[in-house]
Amino acid sequence: MPLRSDWSQRTCSMVRGLDILGDPWSILVLREVFFGNGRFDAMRSRLEVADSVLTKRLAGLVESGLLEKRAYDDGGRTRQEYVLTPKGEDALPVLNAVTIWAEKHLPAPSDQAHLYVIHSGCGKATSSADTCTECGERLTAANTSWHSRARSEQPIRLSTASGKGTAA
């Protein structure tokens, strides 16, 4: 999904990556899907975003192959929810890096405003986006939790491309 223009054919891989992942709303949509909130209404409520903005970001993430739609029954009515693809799951270190950088360098307005990356294997917070700094294991969506007191007193296991995870 182009931000300012179509950067998908640029020679710099960072520019091509930013073409998809450089939009804050797209990153926040991915955050919600990793948290298990893949339904439109749940995302709209959590993000406090206009329908048109959310619709555009979801369409771009689907078109880019990071999310896919999956049908679910909503009391006799079939609706769509968004789930990670393996390509979307591979964006986890980007979200982790932004989170870890913000925790290190930006003041939180309250105790509830923190988000920590937790390696579920050893239960420790990490200061690396892709490897647990406590035990050295590679971080994946399957073995990573995020702890946001605004959502839960306990760390929340992330959703994976296979659809496993906990909504919050």
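This structure is a prediction, so every number in the text was calculated from the model and none was measured. (Residues numbered from 1 in each chain as written. Predicted model: local features only at pLDDT ≥ 70, side-chain atom pairs only at ≥ 80, totals over all residues. Heavy atoms only, no water.)

Looking at this structure, how should I read empty space enclosed by the protein?
A water-sized probe, rolled over the atoms, reveals where empty space remains. Tallying each qualifying case throughout the model produces one cavity of 30 Å³ or more. By volume, the largest cavity is sized at about 30 Å³. Asp111, His114, Tyr116, His147 and Arg149 together form the lining of the largest cavity. The residue inventory of the lining of the largest cavity, partitioned by class, reads one nonpolar, two polar and two charged. (1 Å grid on protein atoms, 1.4 Å probe; cavity = no way out; pocket = protein on both sides within 12 Å on 5 of 7 lines; lining within 4 Å. Points joined across faces, edges and corners; volume = space filled by probe spheres on them. Nonpolar A, V, L, I, M, F, W, Y, C, P; charged D, E, K, R; others polar.)

I tried to follow the environment of Leu58 on my own but got confused; where do I start?
Mapped onto the fold, Leu58 is located in helix α4 (residues 51-63). Residues Leu58 and Lys69, eleven residues apart in the sequence, show an inter-C-alpha distance of 9.5 Å. Ignoring anything within four residues of it in the chain, the contact list for Leu58 reads Val29, Phe40, Met43, Leu67 and Tyr82. (Helix = DSSP H or I, 4+ residues; strand = E, 2+ residues; numbered from the N terminus. Contact = heavy atoms within 4.5 Å.)

Sorry, what's going on with the layout of surface pockets here?
Taken as a whole, the largest pocket spans an internal volume of roughly 520 Å³. Lining the largest pocket are 23 residues, with Leu28, Arg31, Thr99, Ala113 and Leu115 sitting closest to its centre. Those elements giving two or more residues to the lining of the largest pocket turn out to be α2 (24-34), α3 (40-47), α6 (92-105) and β5 (144-148). When residues in the lining of the largest pocket are grouped by element, the largest group, five residues, is from α6. For the lining of the largest pocket, a count of residues per class yields 15 nonpolar, four polar and four charged.

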